[in-house]
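# A closer look at the structure
Single-letter residue listing:
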There are 4 protein chains.
Amino acid sequence: MKFARERLIRFSHCDPAGIVYFVHFFDMVGGVVEDWFREAVGLPFNEMHLERRVGFPIVNTGCEFFRPALLGDTLRLELVIAKLGRSSIEFLVTGSVAGEEKFRARHKVALVSLDTFRSLPIPDDMRKRMQAYVA
Amino acid sequence: MKFARERLIRFSHCDPAGIVYFVHFFDMVGGVVEDWFREAVGLPFNEMHLERRVGFPIVNTGCEFFRPALLGDTLRLELVIAKLGRSSIEFLVTGSVAGEEKFRARHKVALVSLDTFRSLPIPDDMRKRMQAYVA
Amino acid sequence: MKFARERLIRFSHCDPAGIVYFVHFFDMVGGVVEDWFREAVGLPFNEMHLERRVGFPIVNTGCEFFRPALLGDTLRLELVIAKLGRSSIEFLVTGSVAGEEKFRARHKVALVSLDTFRSLPIPDDMRKRMQAYVA
Amino acid sequence: MKFARERLIRFSHCDPAGIVYFVHFFDMVGGVVEDWFREAVGLPFNEMHLERRVGFPIVNTGCEFFRPALLGDTLRLELVIAKLGRSSIEFLVTGSVAGEEKFRARHKVALVSLDTFRSLPIPDDMRKRMQAYVA
(Lines give C-alpha, C1' and ligand atoms only; values in the text may rest on other atoms or scores of the structure.)
Protein backbone atom coordinates (compact mmCIF):
# COMPACT_ATOMS: atom_id res chain seq x y z
CA MET A 1 0.00 0.00 0.00
CA LYS A 2 1.14 3.50 -0.82
CA PHE A 3 0.33 6.66 1.08
CA ALA A 4 -0.08 9.50 -1.40
CA ARG A 5 -0.59 13.24 -1.05
CA GLU A 6 -0.52 16.08 -3.57
CA ARG A 7 1.19 19.42 -3.08
CA LEU A 8 0.92 22.44 -5.34
CA ILE A 9 4.29 23.98 -6.20
CA ARG A 10 4.03 27.57 -5.02
CA PHE A 11 5.93 30.75 -5.71
CA SER A 12 7.59 30.51 -2.30
CA HIS A 13 9.07 27.08 -3.17
CA CYS A 14 10.87 28.36 -6.25
CA ASP A 15 14.36 29.79 -6.63
CA PRO A 16 15.79 32.33 -9.07
CA ALA A 17 15.99 29.57 -11.69
CA GLY A 18 12.21 29.24 -11.40
CA ILE A 19 12.42 25.70 -10.03
CA VAL A 20 11.87 24.23 -6.59
CA TYR A 21 14.76 24.96 -4.23
CA PHE A 22 15.92 21.50 -3.05
CA VAL A 23 15.40 22.25 0.63
CA HIS A 24 11.63 22.47 0.11
CA PHE A 25 11.60 18.89 -1.19
CA PHE A 26 13.02 17.77 2.15
CA ASP A 27 10.36 19.80 3.92
CA MET A 28 7.71 18.04 1.81
CA VAL A 29 9.23 14.65 2.67
CA GLY A 30 9.04 15.54 6.36
CA GLY A 31 5.47 16.75 5.80
CA VAL A 32 4.21 13.60 4.10
CA VAL A 33 5.76 11.49 6.88
CA GLU A 34 3.88 13.67 9.38
CA ASP A 35 0.64 13.23 7.38
CA TRP A 36 1.19 9.47 7.32
CA PHE A 37 1.64 9.30 11.10
CA ARG A 38 -1.54 11.30 11.60
CA GLU A 39 -3.75 9.70 8.98
CA ALA A 40 -2.41 6.18 8.46
CA VAL A 41 -0.99 5.37 11.91
CA GLY A 42 -3.57 7.49 13.75
CA LEU A 43 -0.89 9.33 15.69
CA PRO A 44 -0.72 13.11 15.16
CA PHE A 45 2.64 14.60 16.19
CA ASN A 46 1.10 16.69 19.00
CA GLU A 47 -0.45 13.56 20.56
CA MET A 48 2.70 11.55 19.98
CA HIS A 49 4.88 14.15 21.68
CA LEU A 50 2.58 15.34 24.47
CA GLU A 51 0.52 12.30 25.40
CA ARG A 52 2.71 9.35 24.54
CA ARG A 53 5.98 11.23 25.25
CA VAL A 54 7.75 9.65 22.30
CA GLY A 55 9.23 11.04 19.11
CA PHE A 56 10.76 9.86 15.85
CA PRO A 57 13.95 11.87 15.30
CA ILE A 58 15.59 11.54 11.90
CA VAL A 59 18.57 9.20 11.67
CA ASN A 60 19.47 9.97 8.09
CA THR A 61 17.86 11.18 4.92
CA GLY A 62 18.97 11.35 1.34
CA CYS A 63 17.48 12.32 -1.97
CA GLU A 64 18.23 11.98 -5.66
CA PHE A 65 16.94 14.76 -7.86
CA PHE A 66 16.06 13.67 -11.39
CA ARG A 67 14.30 16.63 -12.94
CA PRO A 68 13.21 20.06 -11.71
CA ALA A 69 9.66 20.79 -10.59
CA LEU A 70 8.15 24.09 -11.69
CA LEU A 71 5.86 26.77 -10.31
CA GLY A 72 2.28 25.60 -10.76
CA ASP A 73 3.12 21.89 -10.92
CA THR A 74 1.06 19.50 -8.84
CA LEU A 75 3.57 17.26 -7.13
CA ARG A 76 2.41 13.80 -6.15
CA LEU A 77 4.21 12.46 -3.09
CA GLU A 78 4.11 8.71 -2.52
CA LEU A 79 5.36 7.06 0.66
CA VAL A 80 6.08 3.42 1.37
CA ILE A 81 8.17 1.76 4.05
CA ALA A 82 11.38 0.28 2.65
CA LYS A 83 12.34 -1.31 5.97
CA LEU A 84 10.49 -1.58 9.25
CA GLY A 85 12.99 -2.28 12.03
CA ARG A 86 12.62 -2.87 15.75
CA SER A 87 12.63 0.83 16.55
CA SER A 88 13.38 2.38 13.15
CA ILE A 89 11.40 3.04 9.99
CA GLU A 90 13.04 3.67 6.66
CA PHE A 91 10.68 5.44 4.29
CA LEU A 92 10.95 5.66 0.53
CA VAL A 93 9.26 8.83 -0.69
CA THR A 94 8.98 9.75 -4.35
CA GLY A 95 7.81 13.00 -5.88
CA SER A 96 6.37 13.05 -9.39
CA VAL A 97 4.53 15.43 -11.70
CA ALA A 98 2.15 13.98 -14.28
CA GLY A 99 3.80 10.58 -13.88
CA GLU A 100 7.37 11.84 -14.28
CA GLU A 101 9.54 11.16 -11.24
CA LYS A 102 11.24 14.32 -9.98
CA PHE A 103 12.97 13.00 -6.87
CA ARG A 104 13.36 9.87 -4.78
CA ALA A 105 14.17 10.11 -1.09
CA ARG A 106 15.17 7.70 1.66
CA HIS A 107 14.27 8.95 5.10
CA LYS A 108 15.02 6.98 8.25
CA VAL A 109 13.58 7.75 11.66
CA ALA A 110 13.79 5.89 14.97
CA LEU A 111 11.56 5.89 18.03
CA VAL A 112 12.87 7.43 21.24
CA SER A 113 11.41 8.25 24.61
CA LEU A 114 11.19 12.01 25.09
CA ASP A 115 11.84 11.48 28.81
CA THR A 116 14.99 9.37 28.60
CA PHE A 117 16.02 10.05 24.94
CA ARG A 118 16.68 6.32 24.68
CA SER A 119 15.65 4.16 21.77
CA LEU A 120 12.35 2.29 22.17
CA PRO A 121 10.85 -0.64 20.28
CA ILE A 122 7.88 0.43 18.15
CA PRO A 123 4.77 -0.59 20.16
CA ASP A 124 2.56 -3.27 18.66
CA ASP A 125 -0.47 -1.00 18.18
CA MET A 126 1.61 1.35 16.03
CA ARG A 127 3.47 -1.41 14.21
CA LYS A 128 0.27 -3.11 13.14
CA ARG A 129 -0.94 -0.02 11.32
CA MET A 130 2.46 0.59 9.77
CA GLN A 131 2.82 -2.87 8.31
CA ALA A 132 0.34 -2.25 5.50
CA TYR A 133 2.80 0.26 4.02
CA VAL A 134 5.86 -2.01 3.96
CA ALA A 135 6.89 -2.30 0.28
CA MET B 1 42.25 22.28 2.76
CA LYS B 2 38.93 22.79 4.46
CA PHE B 3 36.52 25.62 3.90
CA ALA B 4 34.88 26.53 7.21
CA ARG B 5 32.12 28.87 8.24
CA GLU B 6 30.22 29.37 11.50
CA ARG B 7 26.48 29.80 11.85
CA LEU B 8 24.61 30.75 14.98
CA ILE B 9 21.60 28.50 15.68
CA ARG B 10 18.65 30.86 15.83
CA PHE B 11 15.14 30.66 17.19
CA SER B 12 13.79 30.32 13.64
CA HIS B 13 15.88 27.17 13.07
CA CYS B 14 14.37 25.31 16.01
CA ASP B 15 11.34 23.08 16.21
CA PRO B 16 8.92 22.35 19.06
CA ALA B 17 11.49 19.96 20.53
CA GLY B 18 13.83 22.97 20.83
CA ILE B 19 16.34 21.51 18.36
CA VAL B 20 17.20 22.37 14.77
CA TYR B 21 14.56 21.19 12.31
CA PHE B 22 16.50 18.96 9.88
CA VAL B 23 15.52 20.95 6.80
CA HIS B 24 17.55 23.94 8.03
CA PHE B 25 20.69 21.78 8.06
CA PHE B 26 20.19 21.18 4.33
CA ASP B 27 19.74 24.92 3.84
CA MET B 28 23.03 25.50 5.69
CA VAL B 29 24.76 22.89 3.50
CA GLY B 30 23.48 24.71 0.40
CA GLY B 31 24.61 27.99 1.96
CA VAL B 32 28.18 26.91 2.71
CA VAL B 33 28.50 25.53 -0.83
CA GLU B 34 27.35 28.96 -2.10
CA ASP B 35 29.89 30.69 0.19
CA TRP B 36 32.63 28.40 -1.09
CA PHE B 37 31.82 29.20 -4.72
CA ARG B 38 31.92 32.92 -3.94
CA GLU B 39 34.94 33.04 -1.66
CA ALA B 40 37.10 30.06 -2.59
CA VAL B 41 36.34 29.67 -6.31
CA GLY B 42 35.73 33.40 -6.85
CA LEU B 43 32.39 32.77 -8.51
CA PRO B 44 29.36 34.31 -6.79
CA PHE B 45 26.07 32.66 -7.86
CA ASN B 46 24.75 35.84 -9.48
CA GLU B 47 27.85 36.11 -11.69
CA MET B 48 27.80 32.37 -12.38
CA HIS B 49 24.17 32.46 -13.48
CA LEU B 50 24.00 35.81 -15.24
CA GLU B 51 27.43 36.30 -16.76
CA ARG B 52 28.74 32.79 -17.33
CA ARG B 53 25.27 31.32 -17.95
CA VAL B 54 26.06 28.14 -16.07
CA GLY B 55 24.71 26.56 -12.92
CA PHE B 56 25.39 23.67 -10.57
CA PRO B 57 22.07 21.90 -9.96
CA ILE B 58 22.01 19.28 -7.24
CA VAL B 59 22.26 15.66 -8.32
CA ASN B 60 21.81 14.13 -4.91
CA THR B 61 22.29 14.96 -1.29
CA GLY B 62 22.17 12.96 1.89
CA CYS B 63 22.81 13.55 5.53
CA GLU B 64 23.34 11.55 8.70
CA PHE B 65 22.22 13.21 11.89
CA PHE B 66 24.24 12.23 14.96
CA ARG B 67 23.11 14.59 17.69
CA PRO B 68 20.75 17.55 17.89
CA ALA B 69 21.94 21.17 17.72
CA LEU B 70 20.32 23.62 20.11
CA LEU B 71 19.21 27.25 20.15
CA GLY B 72 22.26 29.42 20.82
CA ASP B 73 24.79 26.86 19.58
CA THR B 74 27.52 28.04 17.23
CA LEU B 75 27.60 25.49 14.45
CA ARG B 76 30.87 25.05 12.61
CA LEU B 77 30.38 23.95 9.00
CA GLU B 78 33.35 22.39 7.24
CA LEU B 79 33.42 21.63 3.53
CA VAL B 80 35.82 19.49 1.52
CA ILE B 81 35.48 17.88 -1.89
CA ALA B 82 35.14 14.12 -1.64
CA LYS B 83 35.26 13.66 -5.42
CA LEU B 84 35.93 16.11 -8.23
CA GLY B 85 34.59 14.65 -11.48
CA ARG B 86 34.61 15.91 -15.06
CA SER B 87 31.47 17.99 -14.55
CA SER B 88 30.42 17.01 -11.04
CA ILE B 89 31.56 17.89 -7.54
CA GLU B 90 30.75 15.77 -4.53
CA PHE B 91 31.08 17.74 -1.32
CA LEU B 92 31.43 16.39 2.18
CA VAL B 93 30.03 18.90 4.66
CA THR B 94 30.11 18.36 8.41
CA GLY B 95 28.43 20.39 11.12
CA SER B 96 29.82 20.41 14.65
CA VAL B 97 29.35 22.30 17.89
CA ALA B 98 32.33 22.66 20.23
CA GLY B 99 34.05 19.79 18.42
CA GLU B 100 31.11 17.39 18.59
CA GLU B 101 29.88 16.32 15.17
CA LYS B 102 26.15 16.92 14.73
CA PHE B 103 25.70 15.91 11.10
CA ARG B 104 27.64 14.76 8.07
CA ALA B 105 26.29 15.43 4.58
CA ARG B 106 27.21 14.36 1.07
CA HIS B 107 26.08 16.84 -1.54
CA LYS B 108 26.68 16.31 -5.27
CA VAL B 109 26.25 18.98 -7.92
CA ALA B 110 27.04 19.00 -11.64
CA LEU B 111 27.73 21.81 -14.05
CA VAL B 112 25.18 22.56 -16.77
CA SER B 113 24.73 25.28 -19.32
CA LEU B 114 21.73 27.44 -18.48
CA ASP B 115 21.10 27.89 -22.21
CA THR B 116 21.07 24.24 -23.28
CA PHE B 117 20.63 22.54 -19.88
CA ARG B 118 23.31 20.09 -20.96
CA SER B 119 26.15 18.90 -18.84
CA LEU B 120 29.44 20.79 -19.25
CA PRO B 121 32.98 19.94 -18.18
CA ILE B 122 34.20 22.15 -15.34
CA PRO B 123 36.39 24.84 -16.98
CA ASP B 124 40.08 24.81 -16.07
CA ASP B 125 40.05 28.19 -14.33
CA MET B 126 37.36 26.94 -11.92
CA ARG B 127 38.88 23.50 -11.50
CA LYS B 128 42.24 24.90 -10.50
CA ARG B 129 40.77 26.78 -7.57
CA MET B 130 38.63 23.82 -6.56
CA GLN B 131 41.50 21.36 -6.42
CA ALA B 132 42.89 22.71 -3.15
CA TYR B 133 39.74 21.48 -1.41
CA VAL B 134 39.84 17.87 -2.64
CA ALA B 135 40.16 15.69 0.47
CA MET C 1 -17.61 37.38 -1.16
CA LYS C 2 -14.79 35.79 0.78
CA PHE C 3 -12.07 33.54 -0.57
CA ALA C 4 -11.29 30.87 2.02
CA ARG C 5 -8.68 28.14 2.28
CA GLU C 6 -7.65 25.83 5.10
CA ARG C 7 -4.09 24.99 6.12
CA LEU C 8 -3.02 22.39 8.60
CA ILE C 9 -0.48 23.66 11.13
CA ARG C 10 2.51 21.38 10.74
CA PHE C 11 5.54 20.56 12.82
CA SER C 12 7.72 22.65 10.50
CA HIS C 13 5.62 25.76 11.20
CA CYS C 14 6.16 25.61 14.94
CA ASP C 15 8.88 27.16 17.07
CA PRO C 16 10.44 26.05 20.37
CA ALA C 17 7.40 27.44 22.19
CA GLY C 18 5.28 24.94 20.21
CA ILE C 19 3.40 27.68 18.38
CA VAL C 20 3.52 28.96 14.81
CA TYR C 21 6.62 31.09 14.14
CA PHE C 22 5.19 34.42 12.88
CA VAL C 23 7.07 34.32 9.59
CA HIS C 24 5.02 31.31 8.47
CA PHE C 25 1.83 33.35 8.84
CA PHE C 26 3.21 35.82 6.30
CA ASP C 27 4.05 32.90 4.02
CA MET C 28 0.46 31.68 4.36
CA VAL C 29 -0.85 35.17 3.55
CA GLY C 30 1.31 35.22 0.42
CA GLY C 31 0.06 31.71 -0.38
CA VAL C 32 -3.64 32.48 -0.10
CA VAL C 33 -3.15 35.56 -2.30
CA GLU C 34 -1.46 33.28 -4.85
CA ASP C 35 -4.36 30.79 -4.60
CA TRP C 36 -6.86 33.63 -5.09
CA PHE C 37 -5.10 34.85 -8.24
CA ARG C 38 -5.10 31.33 -9.63
CA GLU C 39 -8.58 30.20 -8.63
CA ALA C 40 -10.67 33.37 -8.33
CA VAL C 41 -9.01 35.65 -10.90
CA GLY C 42 -8.02 32.77 -13.20
CA LEU C 43 -4.41 33.93 -13.34
CA PRO C 44 -1.80 31.49 -12.03
CA PHE C 45 1.50 33.20 -11.16
CA ASN C 46 3.45 31.30 -13.84
CA GLU C 47 1.03 32.50 -16.54
CA MET C 48 0.96 36.00 -15.09
CA HIS C 49 4.74 36.24 -15.10
CA LEU C 50 5.62 34.38 -18.28
CA GLU C 51 2.71 35.03 -20.61
CA ARG C 52 1.32 38.39 -19.52
CA ARG C 53 4.74 39.71 -18.35
CA VAL C 54 3.24 41.41 -15.33
CA GLY C 55 3.64 40.93 -11.60
CA PHE C 56 2.18 42.14 -8.34
CA PRO C 57 5.09 43.06 -6.06
CA ILE C 58 4.23 43.77 -2.44
CA VAL C 59 3.99 47.41 -1.42
CA ASN C 60 3.46 46.83 2.27
CA THR C 61 2.14 44.22 4.61
CA GLY C 62 1.28 44.19 8.27
CA CYS C 63 -0.21 41.77 10.72
CA GLU C 64 -1.66 41.78 14.20
CA PHE C 65 -1.27 38.57 16.15
CA PHE C 66 -4.07 37.89 18.64
CA ARG C 67 -3.51 34.36 19.85
CA PRO C 68 -1.03 31.60 19.01
CA ALA C 69 -1.88 28.74 16.64
CA LEU C 70 -0.75 25.27 17.64
CA LEU C 71 0.60 22.13 16.00
CA GLY C 72 -2.33 20.18 14.60
CA ASP C 73 -4.67 23.18 14.33
CA THR C 74 -6.61 23.65 11.12
CA LEU C 75 -6.17 27.31 10.24
CA ARG C 76 -8.91 28.91 8.15
CA LEU C 77 -7.59 31.73 5.98
CA GLU C 78 -10.14 34.23 4.65
CA LEU C 79 -9.31 36.87 2.06
CA VAL C 80 -11.29 39.91 0.99
CA ILE C 81 -10.23 43.08 -0.80
CA ALA C 82 -10.24 46.09 1.52
CA LYS C 83 -9.45 48.51 -1.29
CA LEU C 84 -9.19 48.01 -5.05
CA GLY C 85 -7.17 50.89 -6.54
CA ARG C 86 -6.20 51.77 -10.08
CA SER C 87 -3.15 49.52 -10.02
CA SER C 88 -3.09 48.36 -6.39
CA ILE C 89 -5.01 45.83 -4.34
CA GLU C 90 -5.14 45.92 -0.57
CA PHE C 91 -6.12 42.57 0.85
CA LEU C 92 -7.45 41.84 4.30
CA VAL C 93 -6.55 38.29 5.31
CA THR C 94 -7.61 36.72 8.58
CA GLY C 95 -6.53 33.44 10.10
CA SER C 96 -8.76 31.62 12.57
CA VAL C 97 -8.99 28.25 14.27
CA ALA C 98 -12.43 26.93 15.21
CA GLY C 99 -13.86 30.43 14.87
CA GLU C 100 -11.24 32.13 17.02
CA GLU C 101 -9.27 34.79 15.17
CA LYS C 102 -5.52 34.24 15.45
CA PHE C 103 -4.23 37.01 13.20
CA ARG C 104 -5.41 39.76 10.88
CA ALA C 105 -3.18 40.98 8.06
CA ARG C 106 -3.23 43.84 5.58
CA HIS C 107 -1.31 43.07 2.42
CA LYS C 108 -1.00 45.55 -0.42
CA VAL C 109 0.30 44.72 -3.89
CA ALA C 110 0.48 46.77 -7.09
CA LEU C 111 0.63 45.76 -10.72
CA VAL C 112 3.84 46.38 -12.65
CA SER C 113 5.12 45.47 -16.07
CA LEU C 114 7.98 42.96 -15.81
CA ASP C 115 9.53 44.56 -18.89
CA THR C 116 9.56 48.19 -17.79
CA PHE C 117 9.01 47.75 -14.01
CA ARG C 118 6.52 50.60 -14.24
CA SER C 119 3.15 50.66 -12.61
CA LEU C 120 0.22 49.53 -14.77
CA PRO C 121 -3.54 49.94 -14.36
CA ILE C 122 -5.25 46.65 -13.57
CA PRO C 123 -6.75 45.44 -16.89
CA ASP C 124 -10.54 45.26 -17.08
CA ASP C 125 -10.68 41.48 -17.52
CA MET C 126 -8.81 41.02 -14.23
CA ARG C 127 -10.62 43.81 -12.40
CA LYS C 128 -14.03 42.35 -13.20
CA ARG C 129 -13.19 39.07 -11.49
CA MET C 130 -11.62 40.86 -8.54
CA GLN C 131 -14.60 43.05 -7.83
CA ALA C 132 -16.68 40.26 -6.30
CA TYR C 133 -14.17 40.12 -3.42
CA VAL C 134 -14.24 43.80 -2.50
CA ALA C 135 -15.51 43.99 1.10
CA MET D 1 22.21 54.41 19.36
CA LYS D 2 21.55 51.99 16.53
CA PHE D 3 22.09 48.26 16.57
CA ALA D 4 23.33 47.17 13.15
CA ARG D 5 24.03 43.82 11.54
CA GLU D 6 24.80 42.79 7.97
CA ARG D 7 23.30 39.84 6.12
CA LEU D 8 24.36 38.51 2.76
CA ILE D 9 21.44 37.93 0.39
CA ARG D 10 21.67 34.27 -0.54
CA PHE D 11 20.25 32.10 -3.30
CA SER D 12 17.76 30.60 -0.84
CA HIS D 13 16.31 34.06 -0.08
CA CYS D 14 15.44 34.78 -3.70
CA ASP D 15 12.29 34.05 -5.66
CA PRO D 16 11.72 33.34 -9.35
CA ALA D 17 11.96 37.08 -10.02
CA GLY D 18 15.53 36.91 -8.64
CA ILE D 19 14.72 39.17 -5.70
CA VAL D 20 14.25 38.50 -2.00
CA TYR D 21 10.91 36.82 -1.23
CA PHE D 22 9.25 39.19 1.29
CA VAL D 23 8.87 36.54 3.97
CA HIS D 24 12.65 36.35 4.39
CA PHE D 25 12.74 40.05 5.28
CA PHE D 26 10.43 39.29 8.21
CA ASP D 27 12.71 36.43 9.22
CA MET D 28 15.66 38.85 9.14
CA VAL D 29 13.72 41.35 11.27
CA GLY D 30 13.03 38.60 13.81
CA GLY D 31 16.70 37.62 13.61
CA VAL D 32 18.12 41.08 14.28
CA VAL D 33 15.75 41.47 17.24
CA GLU D 34 17.10 38.15 18.56
CA ASP D 35 20.69 39.35 18.02
CA TRP D 36 19.91 42.60 19.84
CA PHE D 37 18.50 40.73 22.86
CA ARG D 38 21.59 38.55 22.99
CA GLU D 39 24.28 41.15 22.32
CA ALA D 40 22.84 44.48 23.46
CA VAL D 41 20.53 43.40 26.29
CA GLY D 42 22.69 40.44 27.28
CA LEU D 43 19.77 38.06 27.18
CA PRO D 44 20.03 35.18 24.68
CA PHE D 45 16.62 33.63 23.86
CA ASN D 46 17.55 30.26 25.37
CA GLU D 47 18.43 31.92 28.71
CA MET D 48 15.38 34.17 28.52
CA HIS D 49 13.05 31.22 27.93
CA LEU D 50 14.64 28.57 30.11
CA GLU D 51 16.16 30.46 33.03
CA ARG D 52 14.05 33.58 33.36
CA ARG D 53 10.86 31.86 32.11
CA VAL D 54 9.77 34.90 30.13
CA GLY D 55 9.26 35.56 26.44
CA PHE D 56 8.53 38.42 24.08
CA PRO D 57 5.74 37.25 21.75
CA ILE D 58 4.99 39.47 18.76
CA VAL D 59 2.01 41.78 19.07
CA ASN D 60 2.10 43.16 15.56
CA THR D 61 4.55 43.70 12.77
CA GLY D 62 4.40 45.58 9.51
CA CYS D 63 6.75 46.42 6.71
CA GLU D 64 6.93 48.76 3.74
CA PHE D 65 8.94 47.52 0.80
CA PHE D 66 10.62 50.27 -1.22
CA ARG D 67 12.94 48.49 -3.61
CA PRO D 68 13.93 44.87 -4.19
CA ALA D 69 17.13 43.37 -2.78
CA LEU D 70 19.11 41.08 -5.05
CA LEU D 71 21.19 37.92 -4.81
CA GLY D 72 24.68 38.86 -3.64
CA ASP D 73 23.61 42.13 -1.99
CA THR D 74 24.89 42.87 1.50
CA LEU D 75 21.86 44.01 3.43
CA ARG D 76 22.49 46.31 6.38
CA LEU D 77 19.84 45.91 9.10
CA GLU D 78 19.51 48.74 11.61
CA LEU D 79 17.38 48.52 14.73
CA VAL D 80 16.23 51.26 17.08
CA ILE D 81 13.39 51.35 19.60
CA ALA D 82 10.56 53.61 18.45
CA LYS D 83 8.66 53.22 21.71
CA LEU D 84 9.58 51.53 24.97
CA GLY D 85 6.41 50.84 26.95
CA ARG D 86 5.77 49.32 30.36
CA SER D 87 5.84 45.76 29.01
CA SER D 88 6.11 46.34 25.27
CA ILE D 89 8.87 47.32 22.86
CA GLU D 90 8.20 48.71 19.43
CA PHE D 91 11.21 48.33 17.17
CA LEU D 92 11.92 50.19 13.96
CA VAL D 93 14.09 48.05 11.70
CA THR D 94 15.36 49.22 8.34
CA GLY D 95 17.13 47.24 5.65
CA SER D 96 19.41 48.98 3.18
CA VAL D 97 21.96 48.08 0.52
CA ALA D 98 24.80 50.52 -0.18
CA GLY D 99 22.83 53.25 1.56
CA GLU D 100 19.60 52.70 -0.35
CA GLU D 101 16.68 51.79 1.91
CA LYS D 102 14.97 48.59 0.79
CA PHE D 103 12.41 48.15 3.56
CA ARG D 104 11.28 49.70 6.82
CA ALA D 105 9.54 47.54 9.44
CA ARG D 106 7.72 48.19 12.69
CA HIS D 107 7.81 45.21 15.03
CA LYS D 108 6.13 45.23 18.43
CA VAL D 109 6.70 42.64 21.13
CA ALA D 110 5.52 42.45 24.74
CA LEU D 111 6.90 40.64 27.76
CA VAL D 112 4.93 37.72 29.19
CA SER D 113 5.57 35.12 31.83
CA LEU D 114 5.93 31.68 30.25
CA ASP D 115 4.33 30.18 33.34
CA THR D 116 1.16 32.30 33.53
CA PHE D 117 1.17 33.77 29.98
CA ARG D 118 0.31 37.09 31.57
CA SER D 119 1.86 40.39 30.68
CA LEU D 120 4.81 41.50 32.85
CA PRO D 121 6.52 44.86 33.25
CA ILE D 122 10.00 44.88 31.74
CA PRO D 123 12.41 44.41 34.69
CA ASP D 124 14.72 47.30 35.47
CA ASP D 125 17.94 45.45 34.66
CA MET D 126 16.66 44.78 31.12
CA ARG D 127 15.12 48.22 30.68
CA LYS D 128 18.35 49.99 31.54
CA ARG D 129 20.23 48.28 28.73
CA MET D 130 17.36 48.84 26.28
CA GLN D 131 17.14 52.57 26.88
CA ALA D 132 20.29 53.37 24.91
CA TYR D 133 18.46 52.23 21.75
CA VAL D 134 15.37 54.40 22.13
CA ALA D 135 15.30 56.70 19.09
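This section reports on the structure supplied with the text. (Residues numbered from 1 in each chain as written. Chains lettered and ligands numbered in written order. Predicted model: local features only at pLDDT ≥ 70, side-chain atom pairs only at ≥ 80, totals over all residues. Heavy atoms only, no water.)

### Remarks on the interface of chain A and chain B
Between chain A and chain B, the contact holds 15 residues from the first and 15 residues from the second. Surface buried jointly by chain A and chain B totals about 1,300 Å² across both partners, of which 67% is contributed by carbon and sulfur atoms. Run the count over chain A and chain B and you get zero salt bridges. Across the chain A-chain B interface, the total number found is six residue pairs in polar contact (both at pLDDT 80 or more). Counting residues per element, the ones that place at least two in the side of chain A that touches chain B are helix 1 (22-39) and strand 3 (58-65) of chain A. The element that contributes the greatest number of residues to the side of chain A that touches chain B is strand 3 of chain A, accounting for eight residues. In this sheet, strand 3 (residues 58-65) of chain B lies alongside strand 3 of chain A in antiparallel orientation, the contact comprising five bridges. In the strand pairing of strand 3 of chain B, Glu64(A) is matched with Asn60(B). (Contact = heavy atoms within 4.5 Å. Buried area = accessible area lost by both parts, 1.4 Å probe. Salt bridge = Lys/Arg side-chain N within 4 Å of Asp/Glu carboxyl O. Polar contact = N/O pair within 3.5 Å; in protein donor to acceptor, adjacent residues only side chain to side chain. Helix = DSSP H or I, 4+ residues; strand = E, 2+ residues; numbered from the N terminus. Pairing = 2+ DSSP bridges.)

### Notes on the packing of aromatic side chains
Tallied over the entire structure, the rule returns 63 aromatic pairs over all chains. When the centroid spacing of 6.2 Å and the interplanar angle of 80° are considered together, the rings of Phe26(A) and Phe65(A) count as edge-to-face. On the criterion of sequence distance, the pair formed by Phe26(A) in helix 1 and Phe65(A) in strand 3 is long-range, its members being 39 residues apart. No difference in accessibility class separates Phe26(A) from Phe65(A), as the two residues are buried. Aromatic pair Phe37(B) and Phe56(B): ring centres 4.8 Å apart, planes at 35°, arrangement tilted. Placement of Phe37(B) in helix 1 (residues 22-39) and of Phe56(B) in the loop between strand 2 (54-55) and strand 3 is noted, with a sequence separation of 19 residues between them. Here Phe37(B) matches Phe56(B) in class, with each residue buried. (Phe/Tyr/Trp six-rings, centres within 6.5 Å; stacked < 30°, edge-to-face > 60°. Buried < 20%, exposed > 50% of the residue type's maximum accessible area, 1.4 Å probe, protein only.)

### Considering the interface of chain B and chain C
Listed by partner, the interface residues are seven residues for chain B and seven residues for chain C. Across the chain B to chain C interface the summed buried area is about 720 Å²; carbon plus sulfur atoms make up 80%. Across the contact surface, chain B and chain C share zero residue pairs in polar contact (both at pLDDT 80 or more). For the side of chain B that touches chain C, the per-class residue count stands at four nonpolar, two polar and one charged. (Nonpolar A, V, L, I, M, F, W, Y, C, P; charged D, E, K, R; others polar.)

Note that all results are geometric; they support no functional claim without further evidence.
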